[in-house]
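Letter by letter, the chains look like this.
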Amino acid sequence: MFGHPVHFMIVRTFLFILIVFCHGGLFAHVEQHREQKGVGIDEKLGHSVPLDLTFRDENGKPVLLGQLIDRPTILAPVFFSCPDVCSFLLSNLSGTLNRLPTDPGKEFLILTVSFDETEGPPLASEKKNLYLKMIEKPFPEEAWRFLTGDRESILKLMDAVGFYFKREGKNFLHPVALIILAPDGKITRYLYGTEILPFDLRMALLEASEGRIGP
């Protein structure tokens, strides 16, 4: 079939296009490295988040990041009214937590932070209740916090972790990632995409507990 030169060239061209397309799609989905100007992830492994920033929790109470981050922490930057990938990320995270053989609240903490300054505690509380209900095993409410804040605090935190987004109408262009922090606020790993494997998350939390920077 491939003996004729024309057939060979057609097949070779098709394979080349397929490889480029698949590689490009994987890179765009997993790495999220600035496909659009001002949007993407600039990894800052080994840097620390500013622990003196103030946000509001789901009950409207002001909290310092330093009051919360005292153990390995999963930071999930989202906007709560996101119609697609943010919802997928948080629902998949809930599913992964069902299969994680660790003690939430003691061994790790989750901080879901909205990067939309127009969102407030009522919406944060609604989303917290939604995603906690998806966890089928006992899970302490204080182990998963949903935070909102003013524009200045949001931008300082997102810049510290290298998470860059852009508003487009009522929605945002933004990357999709979980950022793992050590108990002192040091960034130790990035986990990309909406699919979260329990083994990957467990290893990332173990690294963070020891202050080790992951790949």
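Asker: Which parts of the structure should I look at to understand the nonpolar core?
Answerer: Side chains that are nonpolar tend, in soluble globular proteins, to be buried together. Among the nonpolar cores identified, the biggest contains 58 residues, and Leu97, Leu111, Phe139, Trp144 and Leu201 are the most heavily contacted of them. If near-sequence neighbours (up to four positions away) are discounted, Trp144 is found in contact with Leu90, Leu93, Ser94, Leu97, Ile110, Thr112, Lys128, Tyr131, Leu132, Ile135 and Phe139.

Asker: Help me out: how do you make sense of the sheet that holds strand S4 (residues 73-78) in this one?
Answerer: Hydrogen bonds between backbone atoms are what pair the strands of a sheet, whose relative direction is either parallel or antiparallel. Taken together, five strands build an open sheet; the order of strands is S6-S5-S4-S10-S11 and the sheet is mixed. Both outer strands of the open sheet, strand S6 (144-147) and strand S11 (187-192), are each paired with one neighbouring strand and no more. Direction aside, neighbouring strands of the sheet carry axes that sit 20° apart on average. Pairing between strand S5 (residues 109-114) and S6: four bridges, direction parallel. Following the sheet pairing, Thr112 is matched in S6 by Phe146. The sheet strands contacting helix H3 (residues 85-98) are S4, S5, S6 and strand S10 (177-181), and the helix crosses S6 at an angle near 165°.

Asker: How should the environment of Cys86 be read in this particular structure?
Answerer: Summarising the element assignment, Cys86 is placed in helix H3. Looking at Cys86, the relative accessible area reads 4%, which means it is buried. Along the chain, Cys86 and Pro175 lie 89 residues apart, while their C-alpha atoms are 9.7 Å from each other. Not counting residues within four places of it along the chain, the set of residues in contact with Cys86 comprises Val78, Phe79 and His174.

Asker: Sorry, what's going on with the pairing of S4 here?
Answerer: Looking along a regular strand, one sees side chains alternate from face to face of the sheet. Burial analysis of S4 places six of its six residues in the buried class, which makes it a mostly covered element. Because side chains alternate across S4, one face comprises the buried residues Thr73, Leu75 and Pro77, and the other comprises Ile74, Ala76 and Val78, equally buried. Pairing geometry for S4 and S5, over six bridges, is parallel. Counterpart to Ala76 in the pairing with S5 is Thr112. Each parallel crossover has a hand, and for S4 linked through H3 to S5 it is right-handed. Note that S4 and S10 share three bridges and pair antiparallel. Residue pairing for S10: Ile74 is matched across the bridge by Ile180.

Asker: Just checking my understanding: could you explain the packing of aromatic side chains for this structure?
Answerer: The geometry of an aromatic ring pair is captured by two quantities: the separation of the ring centres and the angle between the planes. All told, the structure shown has 11 aromatic pairs when counted by the stated rule. Between Phe115 and Phe172, the aromatic rings sit 5.2 Å apart at their centres with planes inclined by 90°, giving edge-to-face as the arrangement. Of this pair, Phe115 sits in the loop between S5 and helix H4 (121-133) while Phe172 is found in strand S9 (residues 171-173), placing the two residues 57 residues apart along the sequence. The residues Phe115 and Phe172 share a single accessibility class, namely buried. Aromatic ring contacts, followed pair by pair, group Phe79, Phe115, Phe163, Phe165 and Phe172 into a single cluster.

About the thresholds
- Residues numbered from 1 in each chain as written.
- Predicted model: local features only at pLDDT ≥ 70, side-chain atom pairs only at ≥ 80, totals over all residues.
- Heavy atoms only, no water.
- Core = buried A, V, L, I, M, F, W, Y, C linked by side-chain atoms within 4.5 Å.
- Buried < 20%, exposed > 50% of the residue type's maximum accessible area, 1.4 Å probe, protein only.
- Contact = heavy atoms within 4.5 Å.
- Pairing = 2+ DSSP bridges.
- Helix = DSSP H or I, 4+ residues; strand = E, 2+ residues; numbered from the N terminus.
- Axes fitted to C-alpha atoms, helices over the stretch in contact; angles between N-to-C directions.
- Right-handed = clockwise from strand over helix to strand, strands pointing away.
- Phe/Tyr/Trp six-rings, centres within 6.5 Å; stacked < 30°, edge-to-face > 60°.

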